[in-house]
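Listed below, chain by chain, are the residues.
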Amino acid sequence: MRAVRLVPMPADRLPGWLDRSMAEYVESRVRSGESREQAEANKQRSLDTWFPGGSPAAGHHVWELTDQDDTVVGHLWIGPFTPGSSDWWVFDIEVDVDHRRQGHARRAFELAHEVARSEGATSIGLNVFGYNTGARELYEQLGYEVASLQMRLPLG
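These numbers were taken from a predicted model, which means no experiment stands behind them. (Residues numbered from 1 in each chain as written. Predicted model: local features only at pLDDT ≥ 70, side-chain atom pairs only at ≥ 80, totals over all residues. Heavy atoms only, no water.)

**Observations concerning the packing of aromatic side chains**
Phase 1 of the analysis: Applying the stated rule across the entire model yields 11 aromatic pairs.
Phase 2 of the analysis: Between Trp50 and Phe81, the aromatic rings sit 6.4 Å apart at their centres with planes inclined by 45 degrees, giving tilted as the arrangement. Taken together, the positions of Trp50 in helix α2 (residues 36–50) and Phe81 in the loop between β3 (72–80) and β4 (87–95) put the pair 31 residues apart, joining distant regions of the chain.
Phase 3 of the analysis: A residue is classified by how much of its surface remains accessible, and Trp50, at 10% relative accessible area, is buried.
Phase 4 of the analysis: Within the aromatic cluster, the residues linked to one another by ring pairs are Trp17, Trp50, Phe51, Trp77, Phe81, Trp89 and Phe91. (Phe/Tyr/Trp six-rings, centres within 6.5 Å; stacked < 30°, edge-to-face > 60°. Helix = DSSP H or I, 4+ residues; strand = E, 2+ residues; numbered from the N terminus. Buried < 20%, exposed > 50% of the residue type's maximum accessible area, 1.4 Å probe, protein only.)

**Considerations on the pairing of β3**
Phase 1 of the analysis: The element β3 is largely enclosed, with a buried count of eight among its nine residues.
Phase 2 of the analysis: In the sheet, strand β2 (residues 61–67) pairs with β3 via six bridges, with the strands oriented antiparallel. Bridge pairing in β3 links Val62 to Trp77.
Phase 3 of the analysis: Count of turn residues in the β2/β3 antiparallel hairpin: four residues, of which Asp70 carries a positive phi of about 65 degrees.
Phase 4 of the analysis: In this structure, β3 lies alongside β4, joined through seven bridges in antiparallel fashion. From the neighbouring strand, Leu76 faces β4, where its bridge partner is Ile93.
Phase 5 of the analysis: Hairpin connection from β3 to β4: six residues lie between these consecutive antiparallel strands, with Gly84 at a positive phi of about 80 degrees. (Pairing = 2+ DSSP bridges.)

**Thoughts on unusual backbone geometry**
Phase 1 of the analysis: Positive phi values are uncommon outside glycine, yet Asp70 reaches one of about 65 degrees.
Phase 2 of the analysis: Examined against the element boundaries, Asp70 turns out to sit in the loop between β2 and β3.
Phase 3 of the analysis: In the Ramachandran plot, Arg101 falls in the positive-phi region, its phi being about 65 degrees despite a non-glycine side chain.
Phase 4 of the analysis: Counting through the fold element by element, Arg101 comes out in the loop between β4 and α3 (104–118).
Phase 5 of the analysis: A residue is classified by how much of its surface remains accessible, and Arg101, at 74% relative accessible area, is exposed.

**As for the packing of helix α1 (residues 14–31) against α2**
Phase 1 of the analysis: It is at 9 Å that the axes of α1 and α2 come closest, and there the two elements cross at 140 degrees. It follows that α1 is oblique to α2 by the angle criterion. In this structure, α1 crosses over α2, and the sense of that crossing is right-handed. From α1, Leu18, Met22, Tyr25, Val26, Glu27, Arg29 and Val30 reach across to α2, where they touch Arg36, Ala39, Glu40, Asn42, Lys43, Ser46 and Leu47.
Phase 2 of the analysis: Of the residues contributing to the contact of α1 with α2, the split by class is seven nonpolar, two polar and five charged. (Axes fitted to C-alpha atoms, helices over the stretch in contact; angles between N-to-C directions. Parallel < 35°, antiparallel > 145°, perpendicular 65-115°, else oblique. Left-handed = near helix turned anticlockwise from the far one by under 90°. Contact = heavy atoms within 4.5 Å. Nonpolar A, V, L, I, M, F, W, Y, C, P; charged D, E, K, R; others polar.)

**Some words on the confidence of the model for the protein**
Phase 1 of the analysis: Confidence in the prediction for the protein averages 91 pLDDT; 99% of positions are at 70 or higher.
Phase 2 of the analysis: Per-element averaging of pLDDT across the protein places helix α4 (residues 133–141) at the bottom with 89 and β3 at the top with 96. (pLDDT = per-residue confidence, 0-100.)

**Some details on α4**
Phase 1 of the analysis: Among the residues making up α4, those that are buried are Ala135, Leu138 and Tyr139. Buried residues of α4, viewed axially, fall in a sector of 100 degrees; they line one side. Exposed and oriented more than 90 degrees from the buried face of α4 are Thr133 and Glu140.
Phase 2 of the analysis: Among the structural elements, β4, α3 and β5 (123–126) are those in contact with the buried residues of α4.
Phase 3 of the analysis: Positive backbone phi, at 105 degrees, marks Gly143, one or two positions downstream of α4. (Arc of directions from axis to C-beta.)

See the structure below:
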């Protein structure tokens, strides 16, 4: 497994990452069946809740994933699902295309779990869209269990 570190995302890179992350979030929700209006409303609620004033809410961590050469290979965002809760959430993780399948995500999760535990988390959850089979496989290998399952049938 290749080395990976969690490095706090520099403040000057946070706005660009947040714009990209939220755009991808909207597209994923649309791809999963929401209208663009619903997805945009969900994005705005997320921004208002988790990034008041453009900065992460208290207790939230936004990291860049760096490899052994200090190359940024992705990002990870975790924190309490509600303020002060011991139930935490993985809000976003992505490893850049050129660096996938090298163990970076697995190691980042292991490190993030340690941080969450050290800050009082008793559980950590995440959402994975059904079409993302590679991510689902990794999460199952890490011990994540299905907590809820939504299904839909397009009728048109």
